[in-house]
Amino acid sequence: MRKLAREATIFALLGFLVAMVGCFVILEKDSKATAKLEAARAVHAAIPEQLNPSQISRLPPGAVVVPINSVAVPLTNGTVLHVRQCESSPPRRFVPLDSPDCRYFYDPFGNVGGRLVALPLGDKQQIALEKEYWIAYSESKRQSLVGSGLKSLVLGLWGFAAGIALWLFYRLVRFAIKG
C-alpha cells in the first residue's frame, strides 16, 4: 500500500512540476516583446517593428510604418523609438515634460515646441527619455514575471491532477499486462 501511495505522490508531484514549468515557459515566451511595447507606450513612442503595415492595404509588404509628427530617438541598444511630438507650444510659465499622449521637445536653438526630426545619441533629452524607457521596461518585466509565476502555479494544479490520472492509467496498463 505504501508503494502505491509513493508512486501516486511521485506522479502527482512530477505532473505538477512539469505543468508549472511548461506554463511558465509558454507565458514568458513573448513577455519581452510585451515589455518593449508597454515601455514604448510609457514614453509616448512607437517602435516601427511593432506596427503592423499589413493592416493598411496600400502599403507594400515589408514597409515600415512611422507615426506622423514623431521624433526618432535612438537607444544605446540600437532600437529607435518614434516619440510623438506635441503640436502646440506649452504655456510659458509652466513647461510640462509630457502630456497624456505626446511629449514636448526643445530644439537646439532653444525654442520650446520646435519641430525636430531626430535626437542624436547622447543628447540630454535622449538620455532622459532612454532612462524613462528602461525604467518602464524593467517594471513591465517585473509585473510580467510575477503574473506569469502566479498563473503557472495555478495551472500547475491541473498538472497535479494529470499526474494522478497518468498514474492511474499506468497502474491499469500494468495490471492488464502482469495480471
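Here the structure is a predicted model, which is why all the values come from computation and not from measurement.

(A) Region of interest: the sheet that holds strand S2 (residues 70-74). Judged by pairing direction, the sheet is antiparallel, and its three strands sit side by side in the order S1-S3-S2 without closing on themselves. The sheet is open, and its two borders are formed by strand S1 (45-46) and S2, each paired with just one other strand. Examined bridge by bridge, S2 and strand S3 (residues 80-84) share five bridges and lie antiparallel to one another. Residue pairing for S3: Val71 is matched across the bridge by Val83.

(B) Structural detail: the pairing of S2. In terms of burial, S2 is largely enclosed, as four of its five residues are buried. Where S2 folds back on S3, the antiparallel hairpin that results is connected by five residues, among which Gly78 adopts a positive phi of roughly 100°.

(C) Spotlight on the side chain of Gln126. One can find Gln126 in helix H3 (residues 124-178). The contact partners of Gln126, leaving out residues within four places of it in the chain, are Val73, Pro74, Leu75, Leu119, Pro120 and Leu121.

(D) Inspection of the packing of helix H1 (residues 2-28) against H3 at higher detail. In contact at an axis separation of 5 Å, H1 and H3 are set at 145° when each is read in the N-to-C sense. Read as a crossing pair, H1 and H3 show a hand that is right-handed. Of the residues in the contact of H1 with H3, the class split is 20 nonpolar, eight polar and seven charged.

Criteria and thresholds
Residues numbered from 1 in each chain as written. Predicted model: local features only at pLDDT ≥ 70, side-chain atom pairs only at ≥ 80, totals over all residues. Heavy atoms only, no water. Pairing = 2+ DSSP bridges. Helix = DSSP H or I, 4+ residues; strand = E, 2+ residues; numbered from the N terminus. Buried < 20%, exposed > 50% of the residue type's maximum accessible area, 1.4 Å probe, protein only. Contact = heavy atoms within 4.5 Å. Axes fitted to C-alpha atoms, helices over the stretch in contact; angles between N-to-C directions. Left-handed = near helix turned anticlockwise from the far one by under 90°. Nonpolar A, V, L, I, M, F, W, Y, C, P; charged D, E, K, R; others polar.

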